[in-house]
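Residue-level structure breakdown
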Amino acid sequence: MIGRIFETGERHREEYPIDFPTGRFWHDITLAPMRDEDGEIIAAVGIIHDITERKRMQDGLREVDELHRDIVAQIDEVILIHEEGRIVFGNPAAARFLGMDSPDEAFGKRGRDYVHPDDLALALELGELLDSASRDTPVTREISFVTTKGAVAVGEVTASWVSYKGNKALLTVIRDVTKEKAAAQRRKKLEQRLLRTQKQESLAVLAAGVAHDFNNLLMGILGNASLIRQELGGDSKSLHRLDVVERAALRASELTRQLRIFAGDDELATEKVNLCALVGEMTELLRVTIPLRVRIEHDFERSDLTVSGDPSQLRQVVMNLLVNASEAIGDRDGRIGIRIGSVDADRALLDGAITLDGLPEGRYVSLEVTDDGAGIDDAAISKIFDPFFTTKFTGRGLGLAAVLGIVRAHGGGVQVSSRPNTGAVFRVIIPEAEPELQSRFSSIPAARPSRPGRGLALVADDDGTVRDVLRATLQLSGFEVLVAEDGAEALRLFEENEGVDIAVIDVATSYVDGYEVVKKLGVKRPGLPTILLCGDGRAGAFEGIGDMARPQRCLGKPFYPGQLMALVDELCDPSSPTLEN
């Protein structure tokens, strides 16, 4: 170092370590040339400073700085520093969040360039709030970003002012909540689905109860009207008024059937149904009621798409969907599209439909009815399948509820999508039919002539009007009648009176239900002719009671007295074969 002074003639400064047994010491040496009168260098003058402590402090700061960098690199939160609106620092988490290979790719870019357009105003608002707040007050907002790969990422952004390399800078710390938001949305959908299911179940219970009670009332109207007709004879001038009463009661029974369909309590006469042919038939039938200004267009993937179900109920589905679409179009020109196709229903498709829980994946027939009407807002969509809810004129509201009940009873589901002023799409999916399906239920036999002195009949029903109709009908059929108000009384009367020849028991008897009554009667008197009355549409639901005790016929309310008389004649005629399931 001294030699260098003599060679260059210039001042020189250098830091160097000296190792001693007690450790390393650092010195800061400054040497300057000393010249004589002729300007020749005759010596070197130096000043030595012990800088060991300073070096140790610098090394410590360097280690701290490296530690900070390691910490910043390891944390999951995104850290970005902005100067004059441009990014000047980012940690590896920032690169991962924004879909980059390195945070250097963001340097010099504006942070707002990565904000989702829908949240740009929110990001600007955050900046304004930060400017209006004190320097030490951070501001937090949830903002969506668009990554370099086009994906959407959601972050909880906390922004504050900091000093960075001596300059005022904006620090943003972003917590990635994309997965949390997605999980929350899935949880919300699951909760909504659960609430919807619970609501549908509650409404179904209510509908079934209303249908049962209403059917008992209709049983009284139809039964008494029929009995009056028989008492009046064929020449009475009042018979036309009885016709009016009976027609009104039958129309009312259709209303209760729609309620039972919604509740899922109505039985299905299952057979193979060509859905394309059925839709074509219903379209022709409804063409006279749907305005000519509304075009109906068909799009059938195949002409042989078949489901298993009750044709009359499936016609009800098609009719309600077409009428609903027509009324949505209103008084203007419009179009109704009907598309039928086959679809492989996966779990996502089934979960997106209103169904009963546990529908299996597989092949389904899809029936879509679209219209270009006024559309449905979100508030109405959540209620359109509720009984008696309608956005139309008073007196409507069972059509879509019946659609849902019928489709669920057929093992399918319903989807609806719409927005105001964009029309609506109703999609029904029902499993494709399996081959060689046959109807599960027998038709009602024709009435036979009554005979007097037939024996003793036992009747049990909770409804007094129905009991009166049953008593009168069985008396006309030639029986003496024992009448019970509940199941317990029916069993007592059976014990007290030997020789009961036939029992007519309502399913919903109190204290002891009708199924239990029939079971006990069968044990006491195997093969006793029995008719089970069902006011909730579950005629045919008596399988499994037991071979000895099962009813030999089941009759759904409301019914004509003549239908009951026909069953009594058949069961009490020794030549009639026992009905087998």
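Scroll up for the structure.
Here is a short report on the structure shown in this document. (Residues numbered from 1 in each chain as written. Predicted model: local features only at pLDDT ≥ 70, side-chain atom pairs only at ≥ 80, totals over all residues. Heavy atoms only, no water.)

Under the definition given, this model contains 23 salt bridges. Arg363 serves as the salt-bridge partner of Glu432, at 3.8 Å between the closest nitrogen and oxygen. Placement of Glu432 in the loop between β16 (424-431) and β17 (455-460) and of Arg363 in strand β14 (residues 362-371) is noted, with a sequence separation of 69 residues between them. The structure contains a network of salt bridges with shared partners spanning Glu156, Arg175 and Glu180. (Salt bridge = Lys/Arg side-chain N within 4 Å of Asp/Glu carboxyl O. Helix = DSSP H or I, 4+ residues; strand = E, 2+ residues; numbered from the N terminus.)

A word on a negative patch on the surface. A cluster of acidic residues, Asp36, Glu37, Asp38 and Glu40, forms a negative patch on the protein surface. On the secondary structure map, Asp36 appears in the loop between β2 (23-35) and β3 (41-50). (Patch = residues over 30% accessible without salt bridge, like charges linked within 9 Å, V, L, I, M, F, W, Y side chains within 5 Å. Areas by Shrake-Rupley, 256 points an atom, 1.4 Å probe, with all protein chains shown as cover. Lys, Arg positive; Asp, Glu negative; His and termini not counted. Charge placed at Lys NZ, Arg CZ, Asp CG, Glu CD.)

The gaps left among the atoms become clear once a water-sized probe is rolled over them. Evaluated as defined, the whole model comprises 2 cavities of 30 Å³ or more. Quantified by volume, the second largest cavity comes out at close to 30 Å³. Counting only elements with at least two residues in the lining of the second largest cavity, the list comes to α8 (311-329) and β16. Partitioning the lining of the second largest cavity into residue classes produces 7 nonpolar, no polar and no charged. (1 Å grid on protein atoms, 1.4 Å probe; cavity = no way out; pocket = protein on both sides within 12 Å on 5 of 7 lines; lining within 4 Å. Points joined across faces, edges and corners; volume = space filled by probe spheres on them. Nonpolar A, V, L, I, M, F, W, Y, C, P; charged D, E, K, R; others polar.)

Moving on, we get to helix α12 (residues 464-476). In a regular helix each residue adds 1.5 Å, so 13 residues correspond to 18 Å; α12 covers 18 Å between its end C-alpha atoms and thus fits that length. Residues Val466, Arg467, Val469, Leu470, Thr473 and Leu474 constitute the buried set of α12. Along the axis of α12, the buried positions cluster into a sector of 165°, meaning they face one direction only. The N-terminus of α12 is capped by Asp463, whose side-chain oxygen sits 3.0 Å from the backbone nitrogen of Thr465. Where α12 ends, the next residue or the one after it, Gly478, has phi of about 100°, a positive value. (Expected span 1.5 Å × (residues − 1). Buried < 20%, exposed > 50% of the residue type's maximum accessible area, 1.4 Å probe, protein only. Arc of directions from axis to C-beta. Polar contact = N/O pair within 3.5 Å; in protein donor to acceptor, adjacent residues only side chain to side chain.)

Moving on: the environment of Asp371. Residue position: Asp371 is located in strand β14. Each C-alpha atom of the pair Asp371 and Arg335 lies 5.8 Å from the other, and the pair is 36 residues apart in sequence. Ignoring any residue separated from it by four or fewer positions in sequence, one finds Asp371 in contact with Ala325, Ala328, Ile329, Arg335, Thr422, Gly423 and Ala424. Reaching out from Asp371, the side chain makes a polar contact with the backbone nitrogen of Gly373 at a distance of 2.8 Å. (Contact = heavy atoms within 4.5 Å.)

Working note: a packed helix pair is described by the angle between its axes plus the distance between those axes. For the pair α8 and helix α11 (residues 399-409), interaxial distance at closest approach is 9 Å and the crossing angle is 145°. Considering the relative orientation of α8 and α11, their crossing is left-handed. Only Gly399, Leu400, Ala402, Val403, Ile406 and Val407 of α11 make contact with α8, whose side of the interface consists of Gln313, Gln316, Val317, Asn320, Leu321 and Asn324. Broken down by class, the residue content of the contact of α8 with α11 amounts to 7 nonpolar, 5 polar and no charged. (Axes fitted to C-alpha atoms, helices over the stretch in contact; angles between N-to-C directions. Left-handed = near helix turned anticlockwise from the far one by under 90°.)

Turning our eyes to something else, we now look at the pairing of strand β6 (residues 139-146). Two strands pair when backbone bridges link them, and β6 and strand β7 (residues 152-164) are joined in this way by 8 bridges, in the antiparallel orientation. Directly across from Val139, in β7, lies its bridge partner Ala159. Between β6 and β7, which pair antiparallel in sequence order, lie 5 residues; one of them, Gly150, sits at a positive phi of approximately 90°. (Pairing = 2+ DSSP bridges.)

Quick look at unusual backbone geometry now. Even without glycine at this site, Lys165 takes up a positive phi of about 55°. Phi angles above zero are rare outside glycine, and Asn421 is one such case at about 70°. The topology assignment puts Asn421 in the loop between β15 (413-418) and β16.

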